Amino acid sequence: MATSVAVLHAPAAGAQAASPPGLGPVGTATVHGDAASTDTLPGRGPGVNPAITSSLTGATCSTVFIGSDGMPVALCTSYVGMNPPTPLAPTVKLFHPDTADVLTEVQLAKGALLGGVYGYLDDRDRVVVADGNRRLLAVGHERTAEGPWRMTVEVLADLSPAVPEGDAITGLMPAFDGRVWFATSNGVVGTVRPAGAGPEGGDGNHDDDDNDPGLRFLALPAGERITNGLTIRPGGASVITTRALYEIDSEADGTPVVRWRHGYEVESGRKPGLLAYGSGTTPTYFGPGDGLIAITDDSEHPALLVLRQADGSEVCRMPAFATTLDPSTAAADSVLIEGPAATENSIIAFGDALVLVNTYGFEYPPFAVDGPAVPPSAPYTGGMTRIDVDVNGSGADGACSRAWTSLSRTASLPKLTTGDGQIHAMAYGPAAAGAPLGSLPDVLPGQELLDLGLAQKVGPVFATSTDVETGREVMRTFVGHAPLDEPMELTGTLAARGDAPGVMWQPTLTRMLRIGPA
């Protein structure tokens, strides 16, 4: 029986969210692809049968960027840092664009969080990140006269007057006025005008930080934590806490001012597969003029919320996933995700379509989560869904509708390439029926455990590509076995190569993978 799929109204060719000055190449300079956090990138995916090159990194890399020079650089947590000796040390690593070998690295001061997951790449191909000393750093790379590569570190600003001891920077993005937005775990949101601080080794401080005119910040209500990144627009930012979504404007001097607050439903504990209680989504701007915002709430059966950026009014609300526990919004394909569903991943936005990935039950390392899960554990069934939005909706039923649901067990933060309309991620489990395959070994140890819905520990891991129009896999290539190649919901990226297949860079627990044409 034929199944109908809603026609996707994709953005015009080459359309991208507005990009602030000072940000690196569109698609590969932020965790979520662009300032609007759409998780889209220009170019095409790695192709049907990509080659795989890799290196052991001595670290787990949370995020990969690619600059205008084509060099991949990653924010990593080294198992043991050597300068000084430090367990689980935040590190920035530079990789060879063809072999994936580590060319050079630099260790940063360790703080309350491991690494700097929500850093970004600036227009000088430098990783902008906050270290454990609450300083804003720019980490660059250069080739020495003798030939080898080396890292450089500049102190851009001291954020400690705004960030109390024990707090940590969780979000960083460049503003459209040349400032930098930042957010902290304990709910501080601010902007800073980077002062031309000297290289590492100088003090990098202002004469009077407490009265520094370049540092402006506000504290959100006590008890509201920030565990996701910032999403930026001209004149402001969108920030989600463990209790509410905030639209924040920036005054002429950079002072952040709350325009509106939209509370959302929250469960009493952290769901298994989420890093903290509250919404797991970074806000996503989309629609005409980036005038809409998409998030999920933290209700028992989480809902997708689409709000107007101007005033926080709702465009639509519907169950984020069609599950066996809540099948009322199943798509025409009638596919349902088994058991509960929720997401820790940002929502992909492509034209009038939103793509959400179920992470309920995913097992994160104990040091990465905020408190015990309720229930303590659950099977990881995975699944992905596309919801289409009537951008002219007024909150009435029908403004959002589900186009499809797939049961792929993705295990990394997915990215969509706009040149071919494909969603790329790492995944567990066997290939979907009819999906073209790369070469597979005859035996896949641990597959039985993964087929029972158990995440991690052991089992085959694949690189996958999914057609956003239909929800069907178009590529699945074996890359390795967990636990050594456990994807850990880490963030990769794709380097565009014009109309040719691109190169996917994806970290795992122990390796950096280069997936694409040789």
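You'll find the structure just up there.
Every chain begins its residue count from 1, and numbering advances along the sequence as written. Restriction of local features to residues with pLDDT of at least 70 applies here, the model being predicted, together with a cutoff of 80 or more for giving and counting side-chain atom pairs; totals for whole chains, interfaces and linings are based on all residues. Derived side-chain values reflect all non-hydrogen atoms in the structure, with water molecules and hydrogen atoms excluded from consideration.

A. The arrangement of the packing of aromatic side chains in detail. Centre distance within 6.5 Å is the pairing criterion for rings of Phe, Tyr and Trp, where only the six-membered ring of Trp is used; planes under 30 degrees apart are then read as stacked, over 60 as edge-to-face, and the remainder as tilted. This structure, assessed with the given rule, holds 4 aromatic pairs. Here the aromatic rings of Tyr380 and Tyr428 are separated by 6.0 Å at their centres, their planes lie at 90°, and the arrangement is edge-to-face. Residue Tyr380 is found in the loop between strand 24 (353–357) and strand 25 (384–389), and its partner Tyr428 is found in strand 29 (residues 422–428); the two are separated by 48 residues along the sequence. Residue classification places Tyr380 among the buried positions, given a relative accessible area of 1%. For the pair Phe462 and Phe478, a centre-to-centre distance of 6.0 Å together with 75° between the ring planes defines the contact as edge-to-face. Of this pair, Phe462 sits in strand 30 (residues 459–467) while Phe478 sits in strand 31 (residues 473–482), and the two are 16 residues apart along the sequence. Only DSSP runs of H or I reaching four residues or more are called helices, and only runs of E reaching two or more are called strands; each is numbered from the N terminus. A 1.4 Å probe rolled over the protein chains alone gives each residue an accessible area, and that area as a share of the maximum for its type sets the label: buried under 20%, exposed over 50%, partly exposed in between.

B. A look at the environment of Glu267. Counting through the fold element by element, Glu267 comes out in the loop between strand 18 (256–263) and strand 19 (284–286). Judged by its relative accessible area of 32%, Glu267 is partly exposed. For Glu267 and His301, which are 34 residues apart along the polypeptide, the C-alpha to C-alpha distance reads 9.9 Å.

C. Representation of the side chain of Asp39. Mapped onto the elements of the fold, Asp39 is located in the segment before strand 1 (40–41). It turns out Asp39 is buried and unbridged, and the closest side chain with the opposite charge, Lys415, is 4.5 Å from it. Working convention for charge: Lys and Arg count positive, Asp and Glu count negative, and His plus the chain ends are omitted. Salt bridge criterion: a side-chain nitrogen from Lys or Arg within 4 Å of a carboxyl oxygen from Asp or Glu.

D. Up close: the pairing of strand 30. Counting buried residues along strand 30, 8 of its 9 residues qualify, which places the element largely inside the surrounding structure. Sheet topology note: the strand 30/strand 31 ladder contains 8 bridges and is antiparallel. Within the sheet, the bridge partner assigned to Val461 lies in strand 31 and is Gly480. Any two strands with at least two DSSP bridges between them are considered paired. Between strand 30 and strand 31, which pair antiparallel in sequence order, lie 5 residues; one of them, Gly471, sits at a positive phi of approximately 80°.

E. Spatial organisation of the nonpolar core. Ranked by size, the top nonpolar core spans 35 residues in total, and within it Val92, Val127, Leu136, Val139, Leu159, Leu172 and Phe182 carry the most contacts. It is strand 10 (residues 149–158) that contributes the most residues to this core, 5 residues altogether. When near neighbours in sequence (up to four residues on either side) are disregarded, Leu159 contacts Arg134, Leu136, Ile169, Phe182, Val192 and Leu215. Residue types Ala, Val, Leu, Ile, Met, Phe, Trp, Tyr and Cys, when buried and joined through side-chain atoms within 4.5 Å, form a set referred to as a nonpolar core. Val306, Leu354, Leu356 and Val389 belong to the second largest nonpolar core, which has 20 residues in total. We call two residues contacting when some pair of their heavy atoms lies within 4.5 Å.

F. The state of the cysteines, seen in detail. When the sulfur atoms of two cysteines come within 2.5 Å, that pair is taken as a disulfide. Scanning the entire structure with this criterion turns up 2 disulfides. There is a disulfide in this structure between Cys61 and Cys76, and the S-S distance comes to 2.1 Å. Negative torsions about the S-S bond denote left-handed disulfides, and the value of about 90° found for Cys61 with Cys76 makes this one right-handed. Here Cys76 lies in strand 4 (residues 72–82) and Cys61 lies in strand 3 (residues 59–66), a separation of 15 residues in the sequence. Comparing Cys61 with Cys76 shows no difference in burial state: the two are buried.

Read these as layout, nothing more, since geometry by itself doesn't imply function.
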